[in-house]
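These are the residues of each chain, in order.
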Amino acid sequence: MQSKRISRHLPSFVAMLPTTLFVVIIYLGCMAWTVAISFTTSKVLPVARWAGATQYERLLATERWTVSVHNILIYGACYILGCLLLGFLTAVAIDQKVRFENTLRTIYLFPYALSFIVTGAVWQWIFDPQLGIEAALRGLGLESHIGILSSPGTAIAALVIAAVWQGAGLVMVMLLAGLRSVDGEILKAARVDGIPVWRTYLQIVLPELKPMIATSVVLLAIAVVKVYDLVVAMTMGGPGIATEMPAKFVMDHLFERGNIGLATAAATLMLLAVLAVLVPWLHLEYFRKAKGGAR
Amino acid sequence: MNFRQRSPVWAALVLCALATPVLADDLTAEVMHPWTSGGESAAAKVFADKFTAAGGVWIDRAIAGNDALLAAAMNRIIGGDPPSASHFNTGKPFEELIEAGLLRDVDTVAKSEGWAAVIPKVFLDAVTRDDKIMAVPINLQTENWIWYSGEVFEKSGVGEPPQNWDDFFAAADKIKAAGYIPMALGGGSWAERFVFQKVLVSVAGPELYLRVLKDRDGEALKDAKVQEAFAVLGKLRQYADSGAASRKWNDATNLVITNKAGFQIMGDWAKGEFAAAGLTPGKEYGCTLFPGQEVSIMSGDVFVMPKLKDAQRTQAQDLLAHVLFAPETQIAFNIKKGSNPIRQDVDVSSMDVCARHAAEVLKDPARQVPNPQFLMTNDGLGAVRDVITTYWNTPAMTPGEFSDALGKVLASVD
């Protein structure tokens, strides 16, 4: 019996082996190596000299790191909520059986096809006080001092605007697919019962969209953790250190500043932060599934 | 002569035609450098042309921006795919590459050409390890110039550039009142570092500059002169415009060139931009090491040569080292680049008024200090830059808070 089951699954084991090895060696191996290096005194090159937690001590005392962490929390919250809200509204709008639906859908999704570098460069020009909106306003004879990119308090808002512009289309497409799968009969019944449209969407449609929203949040969250190119293209972390992000901290210290120890310590903390979110979520997900299966 | 007799000649000619590109290919050098702005790329072309004329093949790997080039060069050298040569700033930036044994020395070429006798001591020490010359120094830069527009100064009612900071601020106010941007700034924390070090050395003097940045003396930070320097730096913040945050350094220079801004604090490579625009120093624009103490903050560029496995390419590195250091290359390159030749045995009388003035100041050891790259690693300087840029871009931060933050960083990095 046992041997029969093994022989039946053998081909799939063999087929999965390269992928499994790849994941274990490349991903997990590199993660383990990164964590190990963060406890050494490595500077330009990795060395195996034990440093204890000194890299972490310096990291946590570095203002640029604490600012980066603060920034990614603000950026992440605004970006995910912004994308969901804008994506949901455009999806609902397109779902009203409008004309040229295909064209509109393409237009809304198009920004997602651009890289963050292009997005960043374009929005930097738009916000540039000498080139963009402000220059245009001044050209019309209006006095304007918005300076969204040049003020440390508002530069991060510029990043969020650019990122939401790019990411909302993806959310729209996914939620639109979800909207199409909502049973039309329910909507008709709601209309007959005289329930206002906004309540129908909020209390009937939205719960139906839960899986799509969950997928969107996961995809957006991944984009948040690795945000680097948008910052490089738009603000270079400035003005000052106002828009620095953890991934940029890691990249700058890895090469340009030649401090692998500090860079891997920062990378390790990023990994821990991701795990801290991921593990409870996975646990909940599988726990619920297992319970559902038993029922 | 019949065909039979001529055939060896033909054969030789054909062979020659075939052999020439093959031989040239063998002396190939892949060179990484950050020179992409108008003036800089003209200077890089001098090297490429001289190397080609000497029989080499120059493969250009230009990457815009010092920081981006540093990251790329480090990545390639450490990753085991090194170029033939890469630009670095003189000082500590390549020290750890030497310690890791990734760079070769150019001592054979250097000894046979007597480099040690013609390179200033600070620069010679910076490229020498265990009595071997480990990099090719190519220029001597002065990092703390103020470049100003003659037209803007004149139209704002400012005559000659002021020699003390009080008069300087009065002049900047006049420029602002006349509707110009007083201070052209761009290049982020990289450029803000030049402003910081200029103000520090000009207000507090060379001795305190070294005590702060070299000795990391916490007491020196509390000195009244140093505190005054930080206050001057803080006051200077209001004279840059709001476009500075996303501007490149050469676009800032262009504001002075086109008479939209009064002045820029930048190293002598800015002169290359003025030259590329067809301007002459002392005529349309001027240079000054004032206000405050007239001291030169010296820096330089070098090419390091990573160890290569290929013998032909190693030979090409030797040829490159010879070409880069040759007197005529030094003059031609540095005229385009705006800096001074690293060789002290070449005649600078053919150079412009700013270069000649720099050479004059550099004769006095009491009026020169090395730039921070001689005094700290990339990591250390990066951390210092983070503090400077925070101060510069946070109007509410006081000189005292800046001093405390700087002291903490200087004590914790190497």
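The sections below set out a description of the structure shown in this document. (Residues numbered from 1 in each chain as written. Chains lettered and ligands numbered in written order. Predicted model: local features only at pLDDT ≥ 70, side-chain atom pairs only at ≥ 80, totals over all residues. Heavy atoms only, no water.)

## Considering the interface of chain B and chain A
Stated precisely, the cut-off is as follows: Here, two residues are considered to be in contact whenever any of their heavy atoms come within 4.5 Å of each other. Summed over both partners, the accessible surface that disappears when two parts come together, traced with a 1.4 Å probe, is what is meant by buried area. Salt bridge, as used here: a side-chain nitrogen of Lys or Arg that lies within 4 Å of a carboxyl oxygen of Asp or Glu. For this analysis, a polar contact is any N or O atom pair within 3.5 Å, provided that within protein one partner can donate a hydrogen and the other can accept it, and provided that sequence-adjacent residues contribute only side-chain to side-chain pairs. Under the scheme used here, helices are H or I runs from DSSP no shorter than 4 residues and strands are E runs no shorter than 2 residues, and both carry numbers assigned from the N terminus.
Listed by partner, the interface residues are 27 residues for chain B and 22 residues for chain A. For the pair chain B and chain A, the summed buried surface comes to about 2,200 Å²; carbon and sulfur atoms form 55% of the total. Along the contact surface separating chain B from chain A lie 4 salt bridges. The residue Asp379 of chain B makes a salt bridge to Arg58 of chain A at a minimum N-O spacing of 2.9 Å. Our count for the chain B to chain A interface comes out at 9 residue pairs in polar contact (both at pLDDT 80 or more). Where the side of chain B that touches chain A is concerned, the elements lending two or more residues are α3 (66-78), α4 (95-99) and α18 (378-393) of chain B. With 9 residues, α18 of chain B is the single largest residue contributor to the side of chain B that touches chain A.

## Some points on the packing of helix α5 (residues 116-127) of chain A against helix α7 (residues 155-180) of chain A
Residues and elements named next belong to chain A. Formally: Under this scheme, a helix contributes an axis fitted over its contacting stretch, all axes are lines through C-alpha atoms, and angles between N-to-C directions fall in the 0 to 180 degree range. In these notes the angle categories are as follows: under 35 degrees is roughly parallel, over 145 is roughly antiparallel, 65 to 115 is roughly perpendicular, and the rest is oblique. Take the far helix as the reference: if the near one is turned anticlockwise from it by less than a right angle, the crossing is left-handed, and if turned clockwise, right-handed. Note that Gly is not counted as nonpolar here; it falls among the polar residues with everything else outside the nonpolar set of Ala, Val, Leu, Ile, Met, Phe, Trp, Tyr, Cys and Pro and the charged set of Asp, Glu, Lys and Arg.
α7 packs onto α5 with a crossing angle of 130° between their chain directions and a minimal axis gap of 10 Å. If you check the angle between α5 and α7, you find them oblique. Like other packed secondary-structure pairs, α5 and α7 cross with a definite hand, here right-handed. Along its contact with α5, which presents Phe116, Thr119, Trp123 and Phe127, the element α7 presents Ala158, Ile161, Ala162, Ala163, Trp165 and Gln166. Grouping the constituent residues of the contact of α5 with α7 by class yields 8 nonpolar, 2 polar and no charged.

## Considerations on helix α19 (residues 399-412) of chain B
Residues and elements named next belong to chain B. We apply this condition: In this scheme, a helix's expected span is set at 1.5 Å multiplied by one less than its residue total. Only protein chains enter the calculation, and the probe is 1.4 Å; a residue is then buried if its accessible area is under 20% of its type maximum, exposed if over 50%, and partly exposed in between. To obtain the arc, one takes the directions from the helix axis to the C-beta atoms.
For α19, which comprises 14 residues, the first-to-last C-alpha distance of 20 Å matches the rise-based estimate of 20 Å (1.5 Å per residue) to within 8%. Listed as buried for α19 are Phe402, Ser403, Leu406, Val409 and Leu410. The buried residues of α19 occupy an angular sector of 135° when projected down its axis, which confines them to one face. Residues of α19 that are exposed and angled more than 90 degrees away from the buried face: Asp404, Lys408 and Ala411. For α19, the elements touching its buried residues are α9 (188-213), α10 (218-222), α11 (224-236) and α18.

## Side note on the packing of aromatic side chains
The test is simple: In this analysis, rings of Phe, Tyr and Trp, with Trp reduced to its six-membered ring, are considered paired at centre separations within 6.5 Å, and the interplanar angle assigns stacked below 30 degrees, edge-to-face beyond 60, and tilted for intermediate values. Should the NZ of a Lys or the CZ of an Arg lie within 6 Å of a ring centre and within 35 degrees of the ring normal, that charge is described as sitting over the ring.
With the rule as written, the count across this model stands at 35 aromatic pairs over all chains. Between Phe39 of chain A and Trp50 of chain A, the ring centres sit 5.8 Å apart and the planes meet at 15°, which makes this aromatic pair stacked. In this pair, Phe39 of chain A is assigned in the loop between α1 (2-37) and α2 (54-61) and Trp50 of chain A in the loop between α1 and α2, connecting sequence segments 11 residues apart. Ring centres of Trp115 of chain B and Phe325 of chain B lie 4.1 Å apart, and the angle between their planes is 25°; on these two criteria the pair is classed as stacked. Of the two residues, Trp115 of chain B sits in the loop between α5 (107-113) and α6 (121-127) while Phe325 of chain B sits in helix α14 (residues 311-325), which places them 210 residues apart along the sequence. Phe325 of chain B carries the same exposure label as Trp115 of chain B, and that label is buried. Counting every residue linked through ring pairs, the aromatic cluster contains Trp165, Phe168, Phe169, Tyr239 and Phe263 of chain B. A cation over an aromatic ring shows up here: Arg237 of chain B above the ring of Tyr391 of chain B, its NZ or CZ 4.4 Å from the ring centre.

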